[in-house]
Amino acid sequence: MNAPTEPRHYRALFLSDIHLGTRGCQAGMLLDFLRVHDAETVYLVGDIVDGWRLRKNWHWPQEHNDVVQKLLRKARKGARVVYVPGNHDEFLREYAGTHFGGVEVMDSCLHETAGGDKYLVIHGDQFDVVVRHARWLAYFGDWAYVTALNVNTVVNAVRRKLGFPYWSLSAWAKLKVKNAVNFIGRFEETLADEARRRGVSGVICGHIHHAADQETNGIHYINTGDWVESCTAIAERHDGTFELIRWADMCRTGVPLQLAHHQAVA
């Protein structure tokens, strides 16, 4: 991948599933990303803070606080910041329609691109049958997922000592399990159907930690991915086209260092 020649500025950035408050959150990588990416509008598409995990075990290191401060700083500097809660931060849904520190809270919203196309922005848990109708199973799945992430942390600690870059064991395993692949496919189709029902061109969502930018049943389906496993984001360029940014992959190429150097001397 060729390194960009200057820090990137977009019309809109979409981030989801950061899971601040968990040990699996890649806050350091997100901070590096936020330092060299900016936008007129920043959408936080749910599960930014992990209320489920914080209720059980308080974990809030300085890096997690730095992420919050970095996002608030973008709002103070003039960026529009929209927070669309997910299932892990669903307590914020009670505050839909309000503003906190320059951040708008909305249950869902429409984003209009530079080309005039409208996209539904929604976390997506509303269309997950397990989350909606089998809460105990969702909590059990969350426990199993956190356990896998803890194993992933150990694996990556060993990889760092051996000089290898970050790699997600859980993301790799997800794509190898047939039931998980089938669930992802059904989720994509369901969200595409909802976008069609609302008469919009596409949908931008999160929830399943699987980044995508594709056409699904005639609808532009975009998933922001996450900042636990794959470290991905979606950006709308100023010409109205979208870009899937795979930050973990860029880190493996040394692009962040080149961006940071350019920003320091600019």
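Up top you'll find the structure we're talking about.
Residues numbered from 1 in each chain as written. Predicted model: local features only at pLDDT ≥ 70, side-chain atom pairs only at ≥ 80, totals over all residues. Heavy atoms only, no water.

1. Let's talk about the sheet that holds strand β5 (residues 103-105)
Alright, step 1. If you walk across this open sheet you meet the seven strands as β4-β5-β3-β2-β1-β11-β12, and the pairing is mixed. A single partner strand is all that each edge strand has here, and the edge strands are β4 (99-100) and β12 (242-246).
Alright, step 2. Two strands pair when backbone bridges link them, and strand β1 (residues 8-15) and strand β2 (residues 37-44) are joined in this way by seven bridges, in the parallel orientation. The residue bridging Phe 14 from the neighbouring strand is Tyr 43, located in β2.
Alright, step 3. Helix-sheet contacts for helix α1 (residues 27-36) involve β1, β2, β11 (232-236) and β12, and the interaxial angle to β2 is about 125°.
Alright, step 4. Relative to β2, helix α3 (residues 62-76) is tilted by about 110°, and along the sheet it contacts β2, β3 (80-83) and β5. (Pairing = 2+ DSSP bridges. Helix = DSSP H or I, 4+ residues; strand = E, 2+ residues; numbered from the N terminus. Contact = heavy atoms within 4.5 Å. Axes fitted to C-alpha atoms, helices over the stretch in contact; angles between N-to-C directions.)

2. Brief notes about the packing of aromatic side chains
Alright, step 1. All told, the structure shown has seven aromatic pairs when counted by the stated rule.
Alright, step 2. For the pair Phe 33 and Trp 227, a centre-to-centre distance of 5.3 Å together with 55° between the ring planes defines the contact as tilted. With a gap of 194 residues between them, Phe 33 in helix α1 and Trp 227 in the loop between β10 (219-223) and β11 connect regions that are remote in the sequence.
Alright, step 3. For Phe 33, a relative accessible area of 0% translates into the label buried.
Alright, step 4. Here a set of aromatic residues connected by ring pairs shows up, and it is made of Phe 14, Tyr 43, Tyr 119 and Phe 242. (Phe/Tyr/Trp six-rings, centres within 6.5 Å; stacked < 30°, edge-to-face > 60°. Buried < 20%, exposed > 50% of the residue type's maximum accessible area, 1.4 Å probe, protein only.)

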